[in-house]
2 protein chains.
Amino acid sequence: MLYTLQRIYVQGETMSGHLQNLSETAPFRSCNHEFKVSCETCRLSRICLPLALNSTDLEQLENIIQRSKPLQKNELLCHEGAPFQSIYAVRSGAMKAYRTTSDGREQVTGFYFPGEILGMDGISESAHASSARALETSAICAIPFDSLEKLSALMPGLQRHLFQLLSREITEDQLLITLLSKNSADERVATLLLSISRRNARRQLSASQFRLPMSRVDIGNYLGLTVETISRAFSRMQKSGILRVDNKEIEILNHEALQLAANIPA
Amino acid sequence: MLYTLQRIYVQGETMSGHLQNLSETAPFRSCNHEFKVSCETCRLSRICLPLALNSTDLEQLENIIQRSKPLQKNELLCHEGAPFQSIYAVRSGAMKAYRTTSDGREQVTGFYFPGEILGMDGISESAHASSARALETSAICAIPFDSLEKLSALMPGLQRHLFQLLSREITEDQLLITLLSKNSADERVATLLLSISRRNARRQLSASQFRLPMSRVDIGNYLGLTVETISRAFSRMQKSGILRVDNKEIEILNHEALQLAANIPA
DNA sequence: TCGGCGCCATGATGCAGATCAACAGAGGTC
DNA sequence: GACCTCTGTTGATCTGCATCATGGCGCCGA
């Protein structure tokens, strides 16, 4: 592997000293140690950023990550237009990302669950392209991007992983574009439920029973539909025995039928 | 600057030797020298990948870029699912990217003009997530991604630029998502025309008079509308004196009115 | 305990854009 | 020049979702 040949380690002090006290994001000023949870012990480490790192590299990544007190429901993590400094990893809870249209309306561009990374749209303009808000009490890790950038130049595995993260965001946006452009209301709702179900499974949670962290308004906004349409879609699917819906509690009773409703061929 | 301190140059032979004969993409097997146009003399260099590089770095980038004979209209550049090896820069002509839905229909995800980069959605899965097809005779530069990755670990400017490119793709996809989710047919069409106009201006071409390289079907597909609706939108705008439309030839007669039609506040 | 508010569900109606259909013009082939 | 196919335009009709309106339920503070 050419990779390992090129690999260069920068020894402790020098590098991490530089990296540690770089940029700070507003809510992350508070003393780090209070909320210290190492990536190594975090049960999300296998699906989050640390994914591809050995323990030496992990320690360096560890040093730049900032943790702070959890965000309360509806609290803002970052605001579009604000200077871009960090990308964020969700540790617990759930977030929504949205951007404000020229006429002042909101467009929800994504929901983010534990282990997922958001805020990468800010890189290109050095300013956040979208805002992020907590859907429920959420713990967030902030990762100063210029530190991450420098680290990733030294760790090929990390660089590769970052490229992949950004690329994945692109393909997911493309899926949403396709969904909005080609699918009916019911198909969109079914697809979202399947997506949430799959992401729950990834975190060892139930794929068939969960609580939606977002409101019907947010779902409608995300899927390009009105609240009423979302509500009716849920009702229809409940009536046809695909789901059991109790407010935000969802139970998928027939996974195959839901896939069919999402227009995904078996 | 911490950047320059970390900068490491790998001398000619060793590195470039490694980098040159790595991955090959199907249409790029033919002898390179036939279509040799250096980035340095390419008039797109200021808006394309070389953007942030000095001449030393540029030479190294130069060495990994593969050029081949131009693609004919409708010719395929890459196919979704095919192993990902390169990202592509459009040198001349125009491309469309699209992905095939589970039920076999196409979703156009973007149009790409000279100086623009496509294919970055393939990074995350090591396989192209979308296909790309020439809308007219087009010259393409293929940039093997693993070589680019290695180079970018050595050139912070290049690494930064790549992150920005990926990030820009994300924000552009988000804009399309918003467009599809919130805007009327006329607004979508007007927005696309403004986008093409702006991108023409960037290449020193006329912002008010141009030829659309794509069909009405492609436009409709991209904007989540039918051909008929596109056609009617054009007719309406022509009738109201915003545009002159002659088949694929477009003249923007009233830029402000077009922005208004796109729902962009003055 | 009550009233107010946010969130959700459901019915009635309207409309933008899809669908269906017919035709016109451009460009290619024989 | 005759013919065909492909692409785009325009009209008539249909429909899925938006819009408008109403009411129920859970939650919170007074």
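Trainee: Pulling in residues and values, what's your account of the protein's contact with DNA strand D?
Mentor: As a structural note, the neighbourhood of DNA strand D is formed by 17 residues, with Ala185, Thr226 and Thr229 of chain A together with Ser231 and Ser235 of chain B the closest of them. At the protein interface, 67% of the atoms of DNA strand D within 4 Å belong to sugar or phosphate. Between a base nitrogen of DNA strand D and a side-chain N or O atom of Arg232 of chain B, the distance comes to 2.9 Å. Only helix H8 (227-239) of chain A together with helix H7 (216-223) and helix H8 (227-239) of chain B provide two or more residues apiece to the surface near DNA strand D. Looking at the surface near DNA strand D residue by residue, the classes come out as 3 nonpolar, 8 polar and 6 charged.

Trainee: Help me get a handle on the protein's contact with DNA strand C, residues and values and all.
Mentor: Around DNA strand C, a shell composed of 16 residues is seen, among which Ser231 and Ser235 of chain A together with Ala185, Thr226 and Thr229 of chain B lie nearest. For DNA strand C, the backbone makes up 62% of the atoms found within 4 Å of the protein, where backbone means sugar plus phosphate. Within the contact set of DNA strand C, a base nitrogen lies 2.9 Å away from a side-chain nitrogen or oxygen of Arg232 of chain A. In the environment of DNA strand C, a phosphate oxygen lies 2.3 Å from a nitrogen or oxygen atom belonging to the side chain of Thr229 of chain B. Sorting elements by how many residues they give to the surface near DNA strand C places H8 of chain A first, with 4 residues. Its residues placed into classes, the surface near DNA strand C shows 2 nonpolar, 8 polar and 6 charged.

Trainee: An account of the packing of aromatic side chains is needed here, citing residue identities and associated values.
Mentor: Counted by the stated rule, this structure contains 7 aromatic pairs over all chains. On the numbers, 5.4 Å between centres and 80 degrees between planes, the contact of Phe145 of chain A with Phe163 of chain B is edge-to-face. Taken together, the residues Phe145 of chain A in helix H4 (residues 145-154) and Phe163 of chain B in helix H5 (residues 156-182) connect one chain to another. The pair Phe145 of chain A / Phe163 of chain B is uniform in exposure class, with both members buried. Ring geometry for Phe84 of chain B versus Phe145 of chain B: centroids 5.6 Å apart, planes at 55 degrees, classification tilted. One end of the pair, Phe84 of chain B, is in the loop between strand E2 (76-78) and strand E3 (86-92); the other, Phe145 of chain B, is in helix H4 (residues 145-154), with 61 residues separating them in the sequence. The exposure classification of Phe84 of chain B matches that of Phe145 of chain B, with both residues buried.

Trainee: Tell me what's going on with the sheet that holds strand E10 (residues 243-246) of chain A, and back it up with residues and numbers.
Mentor: The pairing of strands in a sheet happens through backbone hydrogen bonds and is either parallel or antiparallel. Residues and elements named next belong to chain A. Strand order in the open sheet formed by 3 strands is E9-E11-E10, with antiparallel pairing between adjacent strands. Of all strands in the sheet, those bounded by a partner on one side alone are strand E9 (209-211) and E10. In this sheet, neighbouring strand axes are inclined to one another by 15 degrees on average, regardless of whether the strands run parallel or antiparallel. Here E9 runs beside strand E11 (residues 249-252); their pairing, made up of 3 bridges, is antiparallel. Bridged to Gln209 within E11 is Glu251. Contacts between H8 and the sheet are confined to E10 and E11, with E10 contributing the most and set at about 130 degrees to the helix.

Trainee: Tell me about the sheet that holds strand E1 (residues 66-67) of chain B, residues and numbers included.
Mentor: All names here are of chain B. Strand order across the open sheet formed by 4 strands is E1-E8-E3-E6, with antiparallel pairing between neighbours. Either end of the sheet is taken by a strand with one partner, and the two such strands are E1 and strand E6 (117-118). Here 6 bridges tie E3 to strand E8 (residues 139-144), and the two strands are oriented antiparallel to one another. Note that in E8 the partner of Ile87 across the bridge is Ile143. Across the face of the sheet, H4 comes into contact with E3 and E8 while running at roughly 60 degrees to E8.

Trainee: Explain the nonpolar core residue by residue, including any values.
Mentor: Within soluble globular proteins, side chains that are nonpolar generally end up buried alongside one another. Within the largest apolar cluster, 70 residues are counted, with the highest numbers of intra-cluster contacts made by Phe234 and Leu243 of chain A together with Phe234 and Leu243 of chain B. When neighbours within four sequence positions are excluded, Phe234 of chain A is seen to be in contact with Val189, Leu193, Leu212, Arg216, Ile219, Leu243, Val245 and Ile250 of chain A. Ile64, Leu148 and Ile170 of chain A together with Leu158 of chain B belong to the second largest nonpolar core, which has 52 residues in total.

Trainee: I'd like a rundown of unusual backbone geometry, residues and numbers included.
Mentor: All names here are of chain A. Here Ser126, not a glycine, exhibits a phi torsion of approximately 55 degrees, which is positive. Here Ser126 shows up in the loop between strand E6 (117-118) and strand E7 (131-134). For Ser126, a relative accessible area of 40% translates into the label partly exposed.

Trainee: An account of the relation of the copies chain A and chain B is needed here, citing residue identities and associated values.
Mentor: Note on the copies: chain A fits chain B at an RMSD of 0.0 Å, the axial shift is 0.0 Å, and the rotation between them is 180 degrees. Accordingly, the operation relating the two chain copies is best matched by a two-fold axis. Among all residues of chain A, the one whose C-alpha sits closest to the rotation axis is Ala153 of chain A, at a distance of 2.2 Å. Here 98% of the contact residues of chain A are again contact residues in chain B; the copies associate through an equivalent surface.

Trainee: So what's going on with the packing of helix H7 (residues 216-223) of chain A against H8 of chain A? Which residues, and what values?
Mentor: Residue and element names in this part refer to chain A. With their axes 8 Å apart at the nearest point, H7 and H8 run at an angle of 100 degrees to one another. On the basis of their axis angle, the class for H7 and H8 is roughly perpendicular. In this structure, H7 uses Arg216, Val217, Ile219, Gly220 and Leu223 to contact H8, whose residues at the interface are Val227, Ile230 and Phe234. Its residues assigned to classes, the contact of H7 with H8 comprises 6 nonpolar, 1 polar and 1 charged.

Trainee: With reference to specific residues and values, describe the environment of Ile65 of chain B.
Mentor: Checked against the element boundaries, Ile65 of chain B lands in the loop between helix H3 (55-64) and E1. Considering only alpha carbons, one finds Ile65 of chain B and Ser38 of chain B, 27 residues apart in sequence, at a separation of 9.4 Å.

Trainee: Tell me about the pairing of strand E11 (residues 249-252) of chain B, and please be specific about residues and values.
Mentor: Every regular strand shows the same layout, with side chains that alternate between the two sheet faces. All names here are of chain B. Taken together, the 4 bridges between strand E10 (residues 243-246) and E11 define a ladder with antiparallel strand orientation. Following the sheet pairing, Val245 is matched in E11 by Ile250. Hairpin geometry of E10 and E11 is characterised by an intervening segment of 2 residues between the two adjacent antiparallel strands and by a positive phi of about 55 degrees at Asn247.

What counts, and at which threshold
- Residues numbered from 1 in each chain as written.
- Chains lettered and ligands numbered in written order.
- Predicted model: local features only at pLDDT ≥ 70, side-chain atom pairs only at ≥ 80, totals over all residues.
- Heavy atoms only, no water.
- Near = heavy atom within 4 Å.
- Polar contact = N/O pair within 3.5 Å; in protein donor to acceptor, adjacent residues only side chain to side chain.
- Helix = DSSP H or I, 4+ residues; strand = E, 2+ residues; numbered from the N terminus.
- Nonpolar A, V, L, I, M, F, W, Y, C, P; charged D, E, K, R; others polar.
- Phe/Tyr/Trp six-rings, centres within 6.5 Å; stacked < 30°, edge-to-face > 60°.
- Buried < 20%, exposed > 50% of the residue type's maximum accessible area, 1.4 Å probe, protein only.
- Pairing = 2+ DSSP bridges.
- Axes fitted to C-alpha atoms, helices over the stretch in contact; angles between N-to-C directions.
- Contact = heavy atoms within 4.5 Å.
- Core = buried A, V, L, I, M, F, W, Y, C linked by side-chain atoms within 4.5 Å.
- Least-squares fit on C-alpha atoms with pLDDT ≥ 70 in both.
- Parallel < 35°, antiparallel > 145°, perpendicular 65-115°, else oblique.

Interpretation in functional terms is not warranted from these geometric data alone.
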